[in-house]
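Topology and contacts: notes
These are the residues of each chain, in order.
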Amino acid sequence: MIDFSRHLEDLSQRGLLRELQTVEAARGRKIGLAPSELISFSSNDYLGLSQHPELREAAIKAIEKYGVGAGASRLLGGGYSPHRELEELLAAFKGAEAALSFSSGFAAALGTLPALVGPNDVIIIDKLSHACLIDAAKLSRAHLRVYPHNHLGKLESHLEWARENHPAATILIVTEAVFSMDGDTAPLKQIVELKRRFGAALMLDEAHSTGVVGEHGRGLAHLAGVANDVDVRMGTLSKAVGASGGFIVGSHELIEFLVNRARSFIFSTAPAPAVAAAAAAAIRILMSDAGESLRQTLWERVHEFANQLPGRFRIREDGSPESAIFALHIGDERRATQASSFLRRRGFWMPAVRYPTVALKSARLRAAVTAAHEPEQIRQAGAALQALAERMGEVMGEPDGR
Ligand SMILES: *Cc1c(COP(=O)(O)O)cnc(C)c1O
């Protein structure tokens, strides 16, 4: 038998043990997290849409009309009108020909990458890409080349290698738009230039940029003016969209191909119609003036938070944030956990992100700012972080580098 207790003890010794938390209730950015109520900076619900009355109403209405579960896969009778409506809206929102929804972003990646490329092809992927992209790349059995985060030179040399050694292969570049753990963005214009030069394709994960970046939150590809140059755009409905599920947008042919080839789409029960209905309501909001104004509130809060950050935690030189995600680097895993507890005692939920989510010794507090934060909560969090920075030595030894 597997010695679970030894593995768990080992994780605990290395400061890497993870434990489930149960949220009792959500009100604004306050979450009931036993034993007390905390102000959460860990939600990816960037616009607060998960609590929006129009999403609730859309979900309730759909439950009344369709029941709860879809009962079958999309191809075998589990596709309801909310699924179709959601996909039409997604395509319009992203300015693409067509869209396909999946039960999660993870499932979208796992189904799509192995459909696009196989053992004779090449995937070139940014090192900091999300686990679902890495796993999907491995599942595809394509030749895998990893380039250091946002390193265009290395990306170029991998492309040269691929063209030389696999002249007939499909070469697929894979990257996130806004990186989930660092909050920085990919240099999309340059990546698109490279992909053109080498006749490669590009798949872009817009999980943390959808709803956040670009006009109406259409994403980083739109902001960079290259939306039509990205062959496969992926995203999740579980973050700024406030519901649950994942999606791919692209050409009609791509979507039709995925309907026939993406195994996580074909062999999985369709998402609950009510969840698709809620996501559709969210996309409608994003496309409206109300959505744009929520997004502007988000960016006001993001800048307020950036201005409150103690020097120790400012990482970008010009200090100007590219997303709603802040990586407050600590380094050591146990120190990061202690820093998180320090903030928790002061009423803030800012969990430590540790290996294997990020590299060993690059543990950090990940703070996500949302439109649902009140300015006062941002100020209080800034003061708590200031206290943390000042007491860093006392609380957890000397800071170590970054
Ligand atoms: C969260 C996330 C996903 C997965 O989306 P889910 O809908 O939560 O499964 C994919 N990629 C990135 C970059 C993410 O942060």
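Residues numbered from 1 in each chain as written. Predicted model: local features only at pLDDT ≥ 70, side-chain atom pairs only at ≥ 80, totals over all residues. Heavy atoms only, no water.

1. Some points on the confidence of the model for the chain
Low pLDDT marks stretches whose predicted atomic positions should not be read closely. Put simply, the test is: pLDDT is a per-residue confidence score from the predictor, ranging from 0 to 100. In what follows, residue pairs with any heavy atoms lying within 4.5 Å of each other are defined as contacts.
Summing up the model confidence of the chain, the mean pLDDT is 94 and the portion of residues at 70 or higher is 95%. Considering only residues more than four positions removed or in separate chains, one finds that residues 398–402, a stretch of pLDDT under 50, has 12 contacts.

2. Topic: a nonpolar patch on the surface
Applicable threshold: Each patch is built from residues that are more than 30% exposed by relative accessible area and take part in no salt bridge. Like charges join if they lie within 9 Å; nonpolar side chains (Val, Leu, Ile, Met, Phe, Trp, Tyr) join within 5 Å. Each accessible area is a Shrake-Rupley estimate made with a 1.4 Å probe; only the visible protein chains count as cover when residues are assessed. Any carboxyl oxygen of Asp or Glu within 4 Å of a side-chain nitrogen of Lys or Arg constitutes a salt bridge here. The way it works is that DSSP assigns letters per residue, a run of H or I at least four long becomes a helix, a run of E at least two long becomes a strand, and they are numbered from the N terminus.
A surface patch of nonpolar side chains, amounting to about 510 Å² of accessible area, comprises Met1, Ile2, Phe4 and Leu8. Note on placement: Leu8 falls in helix 1 (residues 4–13).

3. With respect to the packing of aromatic side chains
Here the distance between the centres and the angle between the planes together describe a pair of aromatic rings. The condition is simple: Under the pairing criterion, centres of Phe, Tyr and Trp rings, with the six-membered ring standing for Trp, must be within 6.5 Å; the plane angle then separates stacked pairs below 30 degrees from edge-to-face pairs above 60, leaving the rest tilted. Criterion for a charge above a ring: Arg CZ or Lys NZ at most 6 Å from the ring centre, at most 35 degrees from the ring normal.
The final tally for this structure, using the stated rule, is five aromatic pairs. Aromatic side chains Phe41 and Phe348 sit 6.3 Å apart centroid to centroid with 50° between the ring planes, which places their arrangement in the tilted category. Of this pair, Phe41 sits in the loop between strand 3 (36–40) and helix 2 (53–66) while Phe348 sits in strand 12 (residues 348–349); the two residues are 307 residues apart in sequence, bridging distant segments of the chain. Every member of this aromatic cluster is reached through a ring pair, and the members are Phe41, Phe305, Phe326 and Phe348. The ring of Trp161 has Arg145 lying over it, and the distance from NZ or CZ to the ring centre is 3.8 Å. Across the ring face of Phe342, the terminal group of Arg346 is positioned such that the distance to the ring centre comes to 3.7 Å.

4. Quick notes on the environment of Phe41
Where we set the bar: Relative accessibility under 20% of the residue-type maximum defines a buried residue, over 50% an exposed one, and the middle range a partly exposed one, all with a 1.4 Å probe and only protein chains included.
Overall, the relative accessible area of 0% leaves Phe41 in the buried class. In this structure, Phe41 is in contact with Phe305, Phe348, Trp349, Met350, Arg366, Ala367, Ala368, Val369, His373, Gln377, Ile378 and Ala381, ignoring residues within four places of it in sequence.

5. A closer look at the packing of helix 4 (residues 105–116) against helix 9 (residues 252–261)
What counts is decided by this rule: Interaxial angle, 0 to 180 degrees, is taken between N-to-C directions of lines fitted to C-alpha atoms, where a helix line uses only the stretch in contact. Each angle gets one of four labels, with under 35 degrees taken as roughly parallel, over 145 as roughly antiparallel, 65 to 115 as roughly perpendicular, and the rest as oblique. Residue polarity is assigned by list, with Asp, Glu, Lys and Arg as charged and Ala, Val, Leu, Ile, Met, Phe, Trp, Tyr, Cys and Pro as nonpolar; anything else, Gly included, falls into the polar class.
Taken N-terminus to C-terminus, the directions of helix 4 and helix 9 make an angle of 105°; their axes are 10 Å apart at the nearest point. Here helix 9 runs roughly perpendicular to helix 4, going by the angle between their axes. Contacts from Thr112, Ala115 and Leu116 of helix 4 reach helix 9 at Leu254, Phe257, Leu258 and Arg261. In terms of residue class, the contact of helix 4 with helix 9 is made up of five nonpolar, one polar and one charged.

6. Some thoughts on the sheet that holds strand 13 (residues 352–353)
What holds strands together in a sheet is hydrogen bonding between their backbones, with the strands either parallel or antiparallel. Put simply, the rule reads: One bridge is not enough; two strands pair if DSSP finds at least two bridges between them.
Pairing is antiparallel across the open sheet formed by three strands, whose spatial order is 11-14-13. For this open sheet the edge positions go to strand 11 (325–331) and strand 13, each flanked by a neighbour on one side alone. Two elements, strand 11 and strand 14 (residues 363–368), share six bridges in a ladder whose sense is antiparallel. Note on strand 14: the bridge partner recorded for Ile325 is Ala368. Here helix 13 (residues 333–345) sits on the sheet in contact with strand 11, strand 13 and strand 14, set at roughly 35° to strand 14.

7. A short note on the packing of helix 11 (residues 273–287) against helix 12 (residues 289–308)
Angle between the axes and distance between the axes are the two parameters that describe a pair of packed helices. Two numbers describe how helix 11 lies on helix 12: the axes approach to 4 Å, and their chain directions differ by 80°. Classified by the angle their axes make, helix 11 and helix 12 are roughly perpendicular. In this structure, helix 11 contributes Ile285, Leu286 and Met287 to the contact, and helix 12 contributes Asp289, Ala290, Gly291 and Glu292. Split by residue class, the contact of helix 11 with helix 12 holds four nonpolar, one polar and two charged.

8. Side note on the pattern of salt bridges
Within the structure shown, the criterion is met by 16 salt bridges. Glu87 is the salt-bridge partner of Arg74, the closest N and O atoms lying 3.0 Å from each other. Here Arg74 is found in the loop between helix 2 and helix 3 (81–94), whereas its partner Glu87 is found in helix 3, with 13 residues between them in sequence. Residue Glu87 is classed as buried on the basis of its relative accessible area of 9%. Between Asp229 and Arg196 there is a salt bridge whose closest N-O contact spans 2.7 Å. On the criterion of sequence distance, the pair formed by Asp229 in the loop between helix 8 (220–223) and strand 9 (232–236) and Arg196 in helix 7 (residues 188–197) is long-range, its members being 33 residues apart.

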